[in-house]
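Observations on the model geometry
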Amino acid sequence: MMLRERGTTATIHIPHITHNLRVFKRLHPGRLIAVVKADAYGHGLAHVVPALADCDAFAVATLEEALALRQLAPDKKIILLEGVFNPTEMKTAAAQRLDVVVHQDYQIKLLSGLSAKSGVAAWLKIDSGMHRLGFRRELAPDKITQLTSLPAVKQLRIMAHYATSEQAHCEQTKDQRQLAHDLKSFGLECSFSNTGAVLNQLADPAEWVRVGIGLYGISPLPQGPWGADFGLKPVMQLSAKIIASKRIKAGGLVGYGGHFQAPKDMRIGIVGIGYADGYPWSPHPSQVLVEDQAVAVLGRVSMDMMAIDLSAFSAPMTGAEVLIWGPGMPTEQVAKDLNLIPYALTCGITKRVKFNVVQ
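Attention here is on the structure that accompanies the text.

1. Examining the overall build of the protein chain
Along its length, the protein chain carries eleven helices and 18 strands. By its C-alpha atoms, the protein chain is 75 × 40 × 35 Å across when sized along the principal axes. In the protein chain, which comprises 359 residues, the share counted as buried stands at 52%. Just so you have it, the protein chain exposes about 16,200 Å², and 52% of that area is on carbon and sulfur atoms. Charge centroids of the protein chain, computed over 37 positive and 31 negative side chains, lie 4 Å from each other.

2. Considering the layout of surface pockets
Approximately 910 Å³ is the volume found for the largest pocket. For the largest pocket, the lining is made up of 39 residues, of which Lys37, Arg132, His161, Asn194 and Tyr343 are closest to its centre. Its residues assigned to classes, the lining of the largest pocket comprises 22 nonpolar, nine polar and eight charged. Considering only enclosed or pocket space, the second largest pocket measures out at about 220 Å³ in volume. Lining the second largest pocket we find 16 residues, and of these Ser282, Pro283, His284, Gly299 and Arg300 sit closest to its centre. Residues that form the lining of the second largest pocket fall into these classes: ten nonpolar, five polar and one charged.

3. Re the pairing of strand 16 (residues 306-309)
Pairing between strand 13 (residues 266-271) and strand 16: four bridges, direction antiparallel. What sits directly across from Gly269, in strand 16, is Ile308. As judged from the two bridges shared by strand 15 (residues 293-298) and strand 16, these two strands associate in the antiparallel manner. When the sheet's bridge partners are listed, Leu298 is paired in strand 16 with Ala307.

4. Focus on the pattern of salt bridges
As enumerated under the stated definition, the model contains 14 salt bridges in all. The partner of Arg157 in a salt bridge is Asp99, with the nearest N and O atoms 3.9 Å apart. In this pair, Arg157 is assigned in strand 7 (residues 153-159) and Asp99 in strand 5 (residues 98-102), connecting sequence segments 58 residues apart. Across the pair Lys143 and Asp105 runs a salt bridge whose closest N-O atoms are separated by 2.6 Å. With Lys143 in helix 7 (residues 140-148) and Asp105 in helix 6 (residues 105-112), this pair connects stretches of sequence that are 38 residues apart. On the accessibility criterion, Asp105 (44% relative accessible area) is partly exposed. The structure contains a network of salt bridges with shared partners spanning Arg6, Asp277, Asp304 and Arg352.

5. Side note on the side chain of Thr195
Here Thr195 shows up in helix 9 (residues 195-199). The class for Thr195 is buried, based on a relative accessible area of 4%. Those residues in contact with Thr195, other than ones at most four positions away along the chain, are Phe24, Arg210, Val211, Gly212, Ile213, Gly214 and Pro220.

6. Remarks on a nonpolar patch on the surface
On the surface, Tyr275, Trp281 and Met303 cluster together into a nonpolar patch covering about 310 Å² of accessible area. Of the residues examined, Tyr275 reaches a relative accessible area of 38% and is grouped as partly exposed.

7. Some points on the packing of helix 6 against helix 7
Running from N to C, helix 6 and helix 7 point in directions that differ by 20 degrees, and their axes come no closer than 10 Å. Put simply, helix 6 runs roughly parallel to helix 7. Once helix 6 is placed against helix 7, the crossing between them reads as left-handed. Seen from helix 6, the contacting residues are Asp105, Ile108 and Leu111; seen from helix 7, they are Lys143, Gln146 and Leu147. By residue class, the composition of the contact of helix 6 with helix 7 is three nonpolar, one polar and two charged.

8. Comments concerning the state of the cysteines
In this structure the tally under the stated criterion is zero disulfides. Free of any disulfide, Cys190 has its nearest cysteine sulfur in Cys55, 20 Å distant.

9. Observations regarding unusual backbone geometry
Geometrically, the link from Gly224 to Pro225 is a cis peptide bond, its omega value of 0 degrees lying close to zero. If you trace the backbone, Pro225 turns up in the loop between strand 9 (209-211) and strand 10 (236-248). Although it is not a glycine, Asp39 adopts a positive phi angle of roughly 55 degrees. Mapped onto the elements of the fold, Asp39 is located in helix 2 (residues 37-41). Notably, Asn339 is not glycine yet its phi reads approximately 60 degrees, a positive angle. Secondary-structure assignment places Asn339 in the loop between helix 10 (331-338) and helix 11 (342-346). Judged by relative accessible area, Asn339 falls into the exposed class, the value being 55%.

10. A few points about the environment of Leu150
Checked against the element boundaries, Leu150 lands in the loop between helix 7 and strand 7. Spatially, the C-alpha atom of Leu150 lies 20 Å from that of Glu82, the residues being 68 residues apart in sequence. Setting aside anything within four residues of it in sequence, one finds Leu150 in contact with Ile108, Leu111 and Ser112.

11. Concerning the pairing of strand 2 (residues 32-35)
The side-chain alternation of strand 2 yields two buried faces, one formed by Leu32 and Ala34 and the other by Ile33 and Val35. Relative to strand 9, strand 2 runs parallel, the two sharing three bridges. Note on strand 9: the bridge partner recorded for Ala34 is Val211. In this sheet, strand 3 (residues 57-60) lies alongside strand 2 in parallel orientation, the contact comprising three bridges. Across the sheet, the residue bridging to Ala34 is Phe58, located in strand 3.

Reading guide: rules and limits
Residues numbered from 1 in each chain as written. Predicted model: local features only at pLDDT ≥ 70, side-chain atom pairs only at ≥ 80, totals over all residues. Heavy atoms only, no water. Helix = DSSP H or I, 4+ residues; strand = E, 2+ residues; numbered from the N terminus. Buried < 20%, exposed > 50% of the residue type's maximum accessible area, 1.4 Å probe, protein only. Areas by Shrake-Rupley, 256 points an atom, 1.4 Å probe, with all protein chains shown as cover. Lys, Arg positive; Asp, Glu negative; His and termini not counted. Charge placed at Lys NZ, Arg CZ, Asp CG, Glu CD. 1 Å grid on protein atoms, 1.4 Å probe; cavity = no way out; pocket = protein on both sides within 12 Å on 5 of 7 lines; lining within 4 Å. Points joined across faces, edges and corners; volume = space filled by probe spheres on them. Nonpolar A, V, L, I, M, F, W, Y, C, P; charged D, E, K, R; others polar. Pairing = 2+ DSSP bridges. Salt bridge = Lys/Arg side-chain N within 4 Å of Asp/Glu carboxyl O. Contact = heavy atoms within 4.5 Å. Patch = residues over 30% accessible without salt bridge, like charges linked within 9 Å, V, L, I, M, F, W, Y side chains within 5 Å. Axes fitted to C-alpha atoms, helices over the stretch in contact; angles between N-to-C directions. Parallel < 35°, antiparallel > 145°, perpendicular 65-115°, else oblique. Left-handed = near helix turned anticlockwise from the far one by under 90°. Disulfide = S-S within 2.5 Å.

So yeah, pure geometry; function would need other evidence.
Shown next, in the form of C-alpha coordinates:
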(Lines give C-alpha, C1' and ligand atoms only; values in the text may rest on other atoms or scores of the structure.)
Protein backbone atom coordinates (compact mmCIF):
# COMPACT_ATOMS: atom_id res chain seq x y z
CA MET A 1 0.00 0.00 0.00
CA MET A 2 1.44 3.36 -0.99
CA LEU A 3 1.65 5.89 1.83
CA ARG A 4 0.44 9.40 1.11
CA GLU A 5 1.21 10.85 4.53
CA ARG A 6 2.67 9.99 7.89
CA GLY A 7 -0.87 10.08 9.20
CA THR A 8 -0.23 11.27 12.75
CA THR A 9 -3.64 12.72 13.57
CA ALA A 10 -5.70 13.75 16.56
CA THR A 11 -9.37 13.40 15.69
CA ILE A 12 -11.59 15.56 17.92
CA HIS A 13 -15.22 14.47 18.19
CA ILE A 14 -17.16 17.65 18.99
CA PRO A 15 -20.53 15.93 19.69
CA HIS A 16 -18.85 13.92 22.42
CA ILE A 17 -17.98 17.13 24.29
CA THR A 18 -21.61 18.21 24.37
CA HIS A 19 -22.63 14.71 25.40
CA ASN A 20 -20.11 14.69 28.27
CA LEU A 21 -21.30 18.08 29.49
CA ARG A 22 -24.84 16.70 29.65
CA VAL A 23 -23.59 13.72 31.66
CA PHE A 24 -22.00 16.01 34.25
CA LYS A 25 -25.09 18.19 34.41
CA ARG A 26 -27.07 15.08 35.30
CA LEU A 27 -24.50 14.16 37.94
CA HIS A 28 -24.46 17.65 39.46
CA PRO A 29 -27.60 19.81 39.67
CA GLY A 30 -25.71 22.99 40.59
CA ARG A 31 -23.50 25.38 38.63
CA LEU A 32 -20.79 23.90 36.40
CA ILE A 33 -17.50 25.52 35.45
CA ALA A 34 -15.89 24.07 32.32
CA VAL A 35 -12.11 24.08 32.74
CA VAL A 36 -10.44 24.67 29.36
CA LYS A 37 -6.89 25.55 30.39
CA ALA A 38 -3.88 24.19 28.48
CA ASP A 39 -5.65 24.61 25.12
CA ALA A 40 -8.63 22.64 26.44
CA TYR A 41 -6.38 19.88 27.76
CA GLY A 42 -4.74 19.57 24.35
CA HIS A 43 -8.04 19.27 22.43
CA GLY A 44 -7.97 22.75 20.91
CA LEU A 45 -9.66 25.70 22.63
CA ALA A 46 -11.36 27.04 19.51
CA HIS A 47 -12.85 23.62 18.76
CA VAL A 48 -14.05 22.92 22.28
CA VAL A 49 -15.58 26.19 23.49
CA PRO A 50 -18.63 26.32 21.16
CA ALA A 51 -19.59 22.79 22.27
CA LEU A 52 -19.64 23.92 25.90
CA ALA A 53 -22.08 26.80 25.44
CA ASP A 54 -24.39 25.40 28.14
CA CYS A 55 -21.81 25.57 30.93
CA ASP A 56 -22.21 28.28 33.58
CA ALA A 57 -18.63 29.54 33.39
CA PHE A 58 -15.23 28.76 31.95
CA ALA A 59 -11.94 28.56 33.84
CA VAL A 60 -8.33 28.85 32.68
CA ALA A 61 -4.98 29.18 34.41
CA THR A 62 -3.31 32.20 32.80
CA LEU A 63 -4.27 35.65 31.61
CA GLU A 64 -3.12 34.82 28.08
CA GLU A 65 -5.50 31.86 28.03
CA ALA A 66 -8.31 34.04 29.37
CA LEU A 67 -7.83 36.68 26.67
CA ALA A 68 -7.95 34.04 23.93
CA LEU A 69 -11.05 32.57 25.53
CA ARG A 70 -12.75 35.96 25.78
CA GLN A 71 -12.56 36.25 21.99
CA LEU A 72 -14.43 32.95 21.69
CA ALA A 73 -16.89 33.56 24.54
CA PRO A 74 -17.54 37.31 24.76
CA ASP A 75 -20.40 37.06 27.24
CA LYS A 76 -19.48 34.08 29.42
CA LYS A 77 -18.07 34.23 32.95
CA ILE A 78 -14.34 33.39 32.82
CA ILE A 79 -12.43 32.52 35.98
CA LEU A 80 -8.69 33.12 36.17
CA LEU A 81 -7.58 30.25 38.42
CA GLU A 82 -4.09 31.54 39.27
CA GLY A 83 -5.23 35.15 39.53
CA VAL A 84 -3.04 38.04 38.37
CA PHE A 85 0.49 39.00 39.23
CA ASN A 86 0.91 42.75 38.64
CA PRO A 87 -1.13 45.99 38.31
CA THR A 88 -1.27 45.80 34.51
CA GLU A 89 -2.71 42.30 34.59
CA MET A 90 -5.25 43.34 37.22
CA LYS A 91 -6.45 46.24 35.08
CA THR A 92 -6.65 43.97 32.06
CA ALA A 93 -8.64 41.39 34.01
CA ALA A 94 -11.07 44.04 35.17
CA ALA A 95 -11.44 45.47 31.67
CA GLN A 96 -12.10 42.01 30.24
CA ARG A 97 -14.64 41.17 32.98
CA LEU A 98 -12.60 38.24 34.28
CA ASP A 99 -13.24 36.67 37.67
CA VAL A 100 -9.96 36.64 39.59
CA VAL A 101 -8.90 34.05 42.13
CA VAL A 102 -7.12 35.61 45.12
CA HIS A 103 -4.66 33.40 46.98
CA GLN A 104 -1.92 35.83 48.13
CA ASP A 105 -1.86 39.13 50.00
CA TYR A 106 -0.24 40.93 47.08
CA GLN A 107 -3.33 40.15 45.00
CA ILE A 108 -5.55 41.78 47.62
CA LYS A 109 -3.29 44.82 47.39
CA LEU A 110 -3.66 44.82 43.60
CA LEU A 111 -7.44 44.81 43.97
CA SER A 112 -7.24 47.70 46.44
CA GLY A 113 -5.69 49.79 43.67
CA LEU A 114 -8.83 49.59 41.53
CA SER A 115 -11.76 51.94 41.71
CA ALA A 116 -15.33 50.93 42.51
CA LYS A 117 -16.33 51.19 38.85
CA SER A 118 -14.01 48.28 38.03
CA GLY A 119 -16.54 45.89 39.55
CA VAL A 120 -14.39 42.75 39.85
CA ALA A 121 -15.80 39.37 40.84
CA ALA A 122 -13.27 37.64 43.11
CA TRP A 123 -12.83 34.10 44.43
CA LEU A 124 -11.02 33.72 47.73
CA LYS A 125 -8.81 30.62 47.51
CA ILE A 126 -8.36 28.67 50.74
CA ASP A 127 -5.60 26.08 51.06
CA SER A 128 -7.33 22.75 51.64
CA GLY A 129 -4.13 21.09 52.83
CA MET A 130 -2.71 20.55 49.37
CA HIS A 131 -0.20 23.35 50.10
CA ARG A 132 -0.28 24.70 46.58
CA LEU A 133 -2.34 27.91 46.32
CA GLY A 134 -4.53 29.53 48.93
CA PHE A 135 -4.63 31.16 52.35
CA ARG A 136 -4.55 29.07 55.52
CA ARG A 137 -8.06 28.08 56.55
CA GLU A 138 -7.90 30.00 59.83
CA LEU A 139 -7.32 33.22 57.88
CA ALA A 140 -10.59 32.89 55.94
CA PRO A 141 -12.66 35.28 58.13
CA ASP A 142 -10.02 38.00 58.00
CA LYS A 143 -9.53 37.69 54.23
CA ILE A 144 -13.28 37.76 53.63
CA THR A 145 -13.47 40.98 55.62
CA GLN A 146 -10.58 42.52 53.69
CA LEU A 147 -11.98 41.63 50.29
CA THR A 148 -15.58 42.61 50.94
CA SER A 149 -14.38 46.02 52.17
CA LEU A 150 -12.68 46.81 48.86
CA PRO A 151 -14.69 49.14 46.58
CA ALA A 152 -13.61 47.23 43.44
CA VAL A 153 -14.92 43.85 44.62
CA LYS A 154 -18.52 43.58 43.46
CA GLN A 155 -18.93 39.92 44.42
CA LEU A 156 -16.94 37.43 46.47
CA ARG A 157 -17.04 33.66 46.38
CA ILE A 158 -14.88 31.01 48.07
CA MET A 159 -12.82 28.33 46.36
CA ALA A 160 -10.83 25.33 47.61
CA HIS A 161 -9.55 22.17 45.97
CA TYR A 162 -9.72 18.45 46.65
CA ALA A 163 -6.22 16.96 46.46
CA THR A 164 -7.28 13.31 46.64
CA SER A 165 -10.80 13.25 45.21
CA GLU A 166 -10.03 9.90 43.60
CA GLN A 167 -9.95 8.46 47.13
CA ALA A 168 -13.36 9.35 48.51
CA HIS A 169 -12.79 7.88 51.97
CA CYS A 170 -9.16 8.67 52.74
CA GLU A 171 -8.29 10.91 55.70
CA GLN A 172 -7.21 13.87 53.57
CA THR A 173 -10.49 13.83 51.66
CA LYS A 174 -12.47 13.60 54.91
CA ASP A 175 -10.56 16.61 56.25
CA GLN A 176 -11.13 18.58 53.06
CA ARG A 177 -14.85 17.76 53.11
CA GLN A 178 -14.98 19.14 56.64
CA LEU A 179 -13.22 22.29 55.42
CA ALA A 180 -15.82 22.65 52.66
CA HIS A 181 -18.58 22.33 55.25
CA ASP A 182 -16.93 24.95 57.46
CA LEU A 183 -16.42 27.42 54.60
CA LYS A 184 -20.08 27.20 53.60
CA SER A 185 -20.95 28.71 56.97
CA PHE A 186 -19.76 32.12 55.72
CA GLY A 187 -22.82 32.31 53.49
CA LEU A 188 -20.88 32.83 50.26
CA GLU A 189 -21.18 30.79 47.07
CA CYS A 190 -18.43 28.17 46.95
CA SER A 191 -16.49 25.92 44.61
CA PHE A 192 -14.66 22.89 45.99
CA SER A 193 -15.18 19.94 43.67
CA ASN A 194 -13.25 18.88 40.58
CA THR A 195 -14.02 16.07 38.13
CA GLY A 196 -12.98 13.33 40.54
CA ALA A 197 -15.11 14.77 43.33
CA VAL A 198 -18.18 14.90 41.09
CA LEU A 199 -17.67 11.33 39.88
CA ASN A 200 -17.16 10.16 43.49
CA GLN A 201 -20.31 12.02 44.60
CA LEU A 202 -18.46 14.36 46.94
CA ALA A 203 -19.91 17.58 45.50
CA ASP A 204 -22.48 19.63 47.38
CA PRO A 205 -25.53 20.21 45.12
CA ALA A 206 -25.35 23.96 45.73
CA GLU A 207 -21.70 24.51 44.82
CA TRP A 208 -20.01 25.52 41.60
CA VAL A 209 -18.11 22.43 40.43
CA ARG A 210 -15.02 22.68 38.22
CA VAL A 211 -15.01 19.94 35.59
CA GLY A 212 -11.90 19.55 33.45
CA ILE A 213 -10.63 16.17 32.26
CA GLY A 214 -14.09 14.60 32.47
CA LEU A 215 -15.45 16.88 29.75
CA TYR A 216 -13.04 15.17 27.37
CA GLY A 217 -14.40 11.74 28.26
CA ILE A 218 -11.60 10.77 30.63
CA SER A 219 -11.84 9.74 34.26
CA PRO A 220 -9.11 10.91 36.67
CA LEU A 221 -9.70 7.90 38.93
CA PRO A 222 -6.48 5.90 38.39
CA GLN A 223 -7.91 2.53 39.38
CA GLY A 224 -11.27 3.17 37.75
CA PRO A 225 -14.07 3.41 37.06
CA TRP A 226 -13.03 4.99 33.77
CA GLY A 227 -14.87 7.49 31.61
CA ALA A 228 -16.91 4.95 29.67
CA ASP A 229 -18.20 3.48 32.95
CA PHE A 230 -19.91 6.81 33.65
CA GLY A 231 -21.33 7.07 30.12
CA LEU A 232 -18.66 9.52 28.99
CA LYS A 233 -17.36 9.43 25.42
CA PRO A 234 -13.69 9.99 24.49
CA VAL A 235 -13.27 13.25 22.61
CA MET A 236 -9.77 12.65 21.25
CA GLN A 237 -8.69 9.77 19.06
CA LEU A 238 -4.96 9.71 18.36
CA SER A 239 -3.75 7.66 15.42
CA ALA A 240 -0.75 7.24 13.12
CA LYS A 241 0.28 4.98 10.26
CA ILE A 242 2.71 2.12 9.89
CA ILE A 243 5.44 3.65 7.72
CA ALA A 244 7.70 0.58 7.49
CA SER A 245 7.56 -3.16 8.14
CA LYS A 246 10.29 -5.77 8.42
CA ARG A 247 11.10 -9.23 9.65
CA ILE A 248 13.75 -9.74 12.31
CA LYS A 249 15.46 -12.90 13.49
CA ALA A 250 15.25 -14.37 16.99
CA GLY A 251 17.67 -12.46 19.19
CA GLY A 252 17.37 -9.24 17.16
CA LEU A 253 17.42 -6.03 19.16
CA VAL A 254 14.87 -3.26 18.64
CA GLY A 255 15.29 0.43 19.33
CA TYR A 256 17.73 2.57 21.27
CA GLY A 257 19.63 0.65 23.91
CA GLY A 258 18.41 -2.69 22.57
CA HIS A 259 15.88 -2.96 25.39
CA PHE A 260 13.72 -5.37 23.42
CA GLN A 261 15.19 -8.62 22.15
CA ALA A 262 13.09 -10.74 19.81
CA PRO A 263 12.28 -14.08 21.48
CA LYS A 264 11.64 -15.63 18.04
CA ASP A 265 11.57 -14.70 14.38
CA MET A 266 8.94 -11.99 14.11
CA ARG A 267 7.48 -9.19 12.01
CA ILE A 268 7.63 -5.66 13.38
CA GLY A 269 6.12 -2.39 12.19
CA ILE A 270 7.46 1.13 12.53
CA VAL A 271 4.77 3.71 13.34
CA GLY A 272 5.13 7.40 12.55
CA ILE A 273 4.69 8.75 16.05
CA GLY A 274 7.08 9.42 18.93
CA TYR A 275 7.65 11.64 21.90
CA ALA A 276 8.06 14.72 19.68
CA ASP A 277 4.43 14.17 18.67
CA GLY A 278 3.24 13.69 22.23
CA TYR A 279 3.50 9.96 22.85
CA PRO A 280 5.60 9.93 26.03
CA TRP A 281 8.89 8.13 26.43
CA SER A 282 8.42 5.60 29.23
CA PRO A 283 10.27 2.50 30.43
CA HIS A 284 6.94 0.76 30.91
CA PRO A 285 5.39 -1.49 28.22
CA SER A 286 2.26 -0.40 26.41
CA GLN A 287 -0.04 -1.37 23.56
CA VAL A 288 -1.76 0.09 20.50
CA LEU A 289 -4.56 -1.17 18.26
CA VAL A 290 -4.08 -2.43 14.70
CA GLU A 291 -7.31 -3.49 13.01
CA ASP A 292 -8.97 -3.65 16.45
CA GLN A 293 -6.28 -6.00 17.73
CA ALA A 294 -4.05 -4.99 20.65
CA VAL A 295 -0.34 -5.30 19.83
CA ALA A 296 2.70 -4.52 21.95
CA VAL A 297 4.92 -1.48 21.60
CA LEU A 298 8.49 -2.82 21.40
CA GLY A 299 11.50 -1.21 23.05
CA ARG A 300 12.00 2.48 23.58
CA VAL A 301 9.79 5.00 21.84
CA SER A 302 11.94 7.32 19.70
CA MET A 303 11.47 11.01 19.00
CA ASP A 304 9.58 10.36 15.76
CA MET A 305 8.78 6.62 15.69
CA MET A 306 7.80 3.58 17.68
CA ALA A 307 8.12 -0.12 16.89
CA ILE A 308 5.19 -2.51 17.32
CA ASP A 309 4.74 -6.28 17.13
CA LEU A 310 3.03 -7.38 13.90
CA SER A 311 3.62 -11.11 14.37
CA ALA A 312 -0.13 -11.75 14.43
CA PHE A 313 -0.52 -10.44 10.87
CA SER A 314 0.40 -12.28 7.72
CA ALA A 315 0.74 -9.09 5.66
CA PRO A 316 3.33 -6.34 6.18
CA MET A 317 0.55 -3.84 7.10
CA THR A 318 2.52 -0.88 5.77
CA GLY A 319 0.16 2.08 5.51
CA ALA A 320 -2.32 0.64 8.01
CA GLU A 321 -3.73 2.98 10.66
CA VAL A 322 -2.67 2.44 14.25
CA LEU A 323 -4.93 3.63 17.07
CA ILE A 324 -2.76 5.07 19.82
CA TRP A 325 -5.66 5.93 22.12
CA GLY A 326 -9.38 6.43 21.69
CA PRO A 327 -12.35 4.06 21.35
CA GLY A 328 -11.16 0.55 22.11
CA MET A 329 -7.90 1.78 23.65
CA PRO A 330 -8.95 4.13 26.48
CA THR A 331 -6.66 6.99 27.36
CA GLU A 332 -6.88 5.85 30.98
CA GLN A 333 -5.52 2.42 30.02
CA VAL A 334 -2.62 3.88 28.04
CA ALA A 335 -1.76 6.19 30.94
CA LYS A 336 -1.89 3.30 33.39
CA ASP A 337 0.35 1.16 31.18
CA LEU A 338 2.88 3.99 30.90
CA ASN A 339 2.69 4.74 34.63
CA LEU A 340 1.45 8.25 33.86
CA ILE A 341 -1.79 10.20 34.31
CA PRO A 342 -4.20 10.77 31.39
CA TYR A 343 -3.68 14.54 31.59
CA ALA A 344 -0.05 14.09 30.51
CA LEU A 345 -1.16 12.34 27.32
CA THR A 346 -3.70 14.78 25.88
CA CYS A 347 -1.87 17.88 27.11
CA GLY A 348 1.34 16.58 25.55
CA ILE A 349 0.11 16.60 21.93
CA THR A 350 2.49 18.77 19.91
CA LYS A 351 1.95 21.13 17.00
CA ARG A 352 3.10 18.73 14.33
CA VAL A 353 0.15 16.42 14.96
CA LYS A 354 -2.65 17.18 12.51
CA PHE A 355 -6.09 17.87 13.93
CA ASN A 356 -9.19 16.44 12.32
CA VAL A 357 -12.35 17.98 13.81
CA VAL A 358 -15.54 15.94 13.50
CA GLN A 359 -18.66 18.08 13.99
